[in-house]
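Residue-level structural notes
Here is how the chains run, residue by residue.
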Amino acid sequence: MTRGLFTATATVLAGSVAAHAVPLLLGPAITRVYSPEVFGQFALWWAIATNLAVVGCLRYEYALPLERDETGAAQLMALCVRLLGLATVLAACAGAALAWHRQDLLYAGLALAVLSLGATQWLTMWATRGERFGLLSGARLLQYGGGAVLQLLLGWWGWGLAGLMAGAILAGLGAAVLLARPAPAGGWQMVLHTPAPSLRAVAARHRDFPLLNTPHAFLGTLQDTLTLLAVTAWSGDAAAGLWAMSLRYLKAPATLLGGALSQALYPRLVQARTAQAARQAVRHSMLALTAIAVPMAGVLLLWGPALFTWFLGPQWNGAGELARALAPYIALHFIASPLAVTTLAWKSQAWALRLALAGQAVFFAGLLAGLMLGGLQGAAWGISAAMLLYFGYYFWALATWKDIPHEGRDESHA
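Calculation rules
Residues numbered from 1 in each chain as written. Predicted model: local features only at pLDDT ≥ 70, side-chain atom pairs only at ≥ 80, totals over all residues. Heavy atoms only, no water. Helix = DSSP H or I, 4+ residues; strand = E, 2+ residues; numbered from the N terminus. Rg over C-alpha atoms; globule rule 2.2 N^0.38 Å. Buried < 20%, exposed > 50% of the residue type's maximum accessible area, 1.4 Å probe, protein only. Salt bridge = Lys/Arg side-chain N within 4 Å of Asp/Glu carboxyl O. Axes fitted to C-alpha atoms, helices over the stretch in contact; angles between N-to-C directions. Parallel < 35°, antiparallel > 145°, perpendicular 65-115°, else oblique. Left-handed = near helix turned anticlockwise from the far one by under 90°. Contact = heavy atoms within 4.5 Å. pLDDT = per-residue confidence, 0-100. Expected span 1.5 Å × (residues − 1). Bend = angle between axes of the 7 residues up to and from the residue. Nonpolar A, V, L, I, M, F, W, Y, C, P; charged D, E, K, R; others polar. Polar contact = N/O pair within 3.5 Å; in protein donor to acceptor, adjacent residues only side chain to side chain.

Structural notes on the overall build of the protein chain
When helices and strands are counted, the protein chain shows 17 helices and zero strands. Relative to the compact-globule value of 22 Å for 414 residues, the protein chain shows a C-alpha radius of gyration of 21 Å, a close match. Based on the C-alpha atoms only, the size of the protein chain along its principal axes is roughly 60 × 45 × 35 Å. Residue burial in the protein chain is summarised as follows: out of 414 residues, 55% are buried.

If you want it as structure tokens, here you go:
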């Protein structure tokens, strides 16, 4: 299992490296085309879209790797199609309200953003179920790398905020189209005509995902949205732009390696023959991630401001100061991010939801206390300090987990 996990991770990682290298390398050009104010407006709009899209299918897409039967998988796909369609309609209403509030019709594009993000997330799990890791790599390259190229080109053509929005939406839709093959059993026509009783049956069979994982996922992305809202309200759009740009670079390693590892780790944990094998996979992943995270945090603490100013330009100097203050938190997040699938595989979503609620409270306590005591940089240091104990408990709990679903299988083979 360890060798298979390494191979799968390496395959997805190869595409992820290329996919995330493009927007990161284009960063200096993008930051010289778009101002912190414009990027802050886009970041808040995209955070709202992400918040809605992450629960667009009510997390039923994450049940796809658990559905071994092809007919059942096709029914799950049919359920996801309908739920995402409903989410897109609701997003259109929210986008209209946002456009009216901001007095800018561009914000009405929220529905397209939700459709783009939701479809990519759903079809990524479809490809993960089939372990089509090469296809996942290509889709990542198109979504992230292609999106950055489009944003830069549209920025050069003077599109402003519309360029950032359109580039991200079009790249996501293209990635979704790529991931939509092969079709489920019976073809897409059958998916669209799946009878309601079959949909209700498959929905009931995997009801833990909407009941437990959906609130967890929504709250996780809500953290980013509310953070940007708080920063914008406290210091304005430019501050939100600096915050978002710093996190774009700081969270890139977690998105890059963590996303690849989680997509490979999840099916391995589900298919593990013994509890010991599942627990060992988690511990090995944790140790490997720690070995990368600690040096990364050290570099940011020592040279973060200088590196960001040199790379992004003088008007983005504040992003480097934030990077230094957020370095401890980012290191912890880097380790924790790919391990989130563990509680899904171990059917411990209720526990994960309770812990996530506690984590939200700890995060915002650090954020708000920091804003009041030290402004934008104080907020970053406050988050790093507050989340240290939270993540420490989370890592200890996973490493010593007892109630793994495979325990009974262990005993039967004893």
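Observations concerning the pattern of salt bridges
Where charged atoms of side chains with opposite charge meet at close range, the side chains can pair. Evaluated as defined, the whole model comprises three salt bridges. A salt bridge links Arg129 to Glu70; its shortest N-O distance comes to 3.3 Å. Of this pair, Arg129 sits in helix H5 (residues 110-129) while Glu70 sits in helix H4 (residues 70-102); the two residues are 59 residues apart in sequence, bridging distant segments of the chain.

Some details on the packing of helix H3 (residues 36-53) against H4
Between two packed helices, what matters for the description is the angle formed by their axes and the separation of those axes. Put simply, H3 and H4 touch, their axes get as near as 11 Å, and they point 155° apart. As the angle between them shows, H3 and H4 are arranged roughly antiparallel. Once H3 is placed against H4, the crossing between them reads as right-handed. Of the residues in H4, those in contact with Gln41, Leu44, Trp45, Ile48 and Leu52 of H3 are Ala91, Leu98 and Arg102.

Observations concerning unusual backbone geometry
One can expect most non-glycine residues to show negative phi and most peptide bonds to be in trans. The omega torsion across Arg181 and Pro182 is -5°, close enough to zero to call that bond cis. Topologically, Pro182 is positioned in the loop between helix H7 (161-179) and helix H8 (187-192). Unlike most non-glycine residues, Glu131 shows phi in positive territory, near 55°. Mapped onto the elements of the fold, Glu131 is located in the loop between H5 and helix H6 (133-156). The phi torsion at Lys347 lies on the positive side, around 55°, for a residue other than glycine. Its place among the elements puts Lys347 in the loop between helix H15 (341-345) and helix H16 (349-399).

Quick notes on the confidence of the model for the protein chain
Predicted confidence across the protein chain gives a mean pLDDT of 88, with 94% of residues reaching 70 or more. Of the regions scoring below 50 in pLDDT, residues 407-414 engages in nine contacts with residues more than four places distant in sequence or in other chains.

Quick word on H16
An α-helical turn contains 3.6 residues, so a residue and the one three or four places further along point in the same direction. Here H16 is 51 residues long, yet its end C-alpha atoms lie only 17 Å apart, well below the 75 Å a rise of 1.5 Å per residue gives. Along H16, the sharpest change in direction is near 145° and occurs at Gly374.

Structural notes on the packing of H6 against H7
Relative orientation of the contacting elements H6 and H7 amounts to 160°, with a least axis distance of 8 Å. As judged from the angle between their axes, H6 and H7 are roughly antiparallel. Judged by the twist between their axes, the crossing of H6 over H7 is right-handed. Contacts from Leu135, Leu136, Gly138, Ala139, Leu142, Gln143, Gly146, Gly147, Leu150, Gln151 and Leu154 of H6 reach H7 at Gly163, Leu164, Ala166, Gly167, Ala168, Leu170, Ala171, Gly172, Gly174, Ala175, Leu178 and Leu179. Across the contact of H6 with H7, the residue classes break down as 14 nonpolar, nine polar and no charged.

Regarding the environment of Ile335
By the secondary structure assignment, Ile335 is in helix H14 (residues 317-336). The exposure class of Ile335 is buried, given its relative accessible area of 7%. Each C-alpha atom, one on Ile335 and one on Tyr144, is 22 Å from the other, the two residues being 191 residues apart in sequence. What Ile335 contacts, discounting residues up to four positions off in sequence, is Met286, Leu289, Thr290, Ala293 and Phe395.

What about the side chain of Thr31?
Note on placement: Thr31 falls in helix H2 (residues 27-33). What makes Thr31 buried here is its relative accessible area of 1%. Side-chain polar atoms of Thr31 contact the backbone oxygen of Pro28, separated by 3.1 Å. In contact with Thr31, not counting residues within four places along its chain, are Met245, Leu312, Gln315 and Trp316.

A closer look at the side chain of Ser285
Following the sequence through the fold, Ser285 ends up in helix H13 (residues 275-312). Judged by relative accessible area, Ser285 falls into the buried class, the value being 6%. At a separation of 2.8 Å, a polar atom in the side chain of Ser285 contacts the main-chain carbonyl oxygen of Ala281.

Side note on the environment of Val33
Positionally, Val33 belongs in helix H2. Through-space distance from the C-alpha of Val33 to that of Pro328 is 30 Å; in sequence the pair is 295 residues apart. Each residue touching Val33, except ones within four places of it in the same chain, is listed here: Leu152, Gly155 and Trp156.

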